[in-house]
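# Structural features, examined
So you can see what is in the structure, the chains are spelled out below.
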Amino acid sequence: MVITSKSNPLIKEIVKLSDKKYRKLYGKYVVEGIKPVKECILAGCKILNIVCVEELESEFDGAICVSRSVFESISSEKTPQGVIAVVEIPQNGLKPPVNSCILLDCLQDPGNLGTVLRTANGAGYNEVYLINCTDPYSPKAVRASMSGIFFVKIYQGSKEEILNTLANVPIICADMDGEDIFSFTPPEKFCLCIGNEGGGISDEVMNTAQYKVRIPMQNTCESLNAGVSAGIAMYQLKYNK
């Protein structure tokens, strides 16, 4: 059977999941695209439904088929590939990191957040802590993570809760007044903190930092994109000791 009505309960729910309020209410988010959905399956994420157009039905076991017009009504892509997975948002209770980790303080751009998750996965930072950040499960952030979101643990909490959880881990803040990151020797285990795109790292977080590092730049460049800065710092601190 092919769903042809946009009033179908599942279709209406998927549309709602584009809104943070409903993602939080239902504890679900969407993953769109052939490669991302297949990687989500391989990563062992808890997939609740897969919805696709008829021509892709054979590629996804148990998928629910919909007409092309119905699929376009639930897609957030300009050129939809024809498959969406509804995935359960992991409920990770706060706990200290096993190894070096990432702390994001008030990051507000979903593209930047997704880029950090993608790079954290690539660089081997398996735990990412978020304080007052944009929703990592928004379609834009999920897309920008390029499946990285499936492979890192995301912890969210208040500033006090996160800082208490990281109390025994040396925090390294990325800051223009810090030591040159290319001559800095980090501790064996650390937490790299990246701040807000415009305002940087909050005073409360900065005051808990044991170290501050900066990426050297020419005078003609005021700052780097948060995602780019995070990527440079992640690799430098972990692989160039």
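For the structure, see preceding data.
Notes on the structure in this doc start here. (Residues numbered from 1 in each chain as written. Predicted model: local features only at pLDDT ≥ 70, side-chain atom pairs only at ≥ 80, totals over all residues. Heavy atoms only, no water.)

A separate point is the pattern of salt bridges. Throughout the structure, instances matching the rule amount to 8 salt bridges. Of the charged contacts, one joins Lys35 and Glu39 as a salt bridge, the two residues approaching to 2.8 Å between their closest N and O atoms. Taken as a pair, Lys35 and Glu39 lie in helix α3 (residues 34-42) at a separation of 4 residues, close to a single helical turn. (Salt bridge = Lys/Arg side-chain N within 4 Å of Asp/Glu carboxyl O. Helix = DSSP H or I, 4+ residues; strand = E, 2+ residues; numbered from the N terminus.)

It is worth spelling out unusual backbone geometry at this point. Even without glycine at this site, Asn132 takes up a positive phi of about 50°. Relative to the assigned elements, Asn132 resides in the loop between β7 (127-131) and α6 (139-144). For Asn132, a relative accessible area of 49% puts it in the partly exposed group. One non-glycine residue with positive phi stands out, namely Ser147, at about 80°. Along the chain, Ser147 turns up in the loop between α6 and β8 (153-157). (Buried < 20%, exposed > 50% of the residue type's maximum accessible area, 1.4 Å probe, protein only.)

Moving on, we come to the sheet that holds strand β6 (residues 101-105). Taken in spatial order, the 6 strands of this open sheet run β8-β7-β6-β10-β9-β11, and their pairing is parallel. Edge positions in the sheet fall to β8 and β11 (211-214), since each of these pairs with one other strand and no more. Ignoring strand direction, the axes of neighbouring strands in this sheet form an average angle of 35°. In this structure, β6 lies alongside strand β10 (residues 191-194), joined through 4 bridges in parallel fashion. Note on β10: the bridge partner recorded for Ile102 is Leu192. Relative to β10, helix α9 (residues 226-239) is tilted by about 165°, and along the sheet it contacts β6, β9 (171-180) and β10. (Pairing = 2+ DSSP bridges. Axes fitted to C-alpha atoms, helices over the stretch in contact; angles between N-to-C directions. Contact = heavy atoms within 4.5 Å.)

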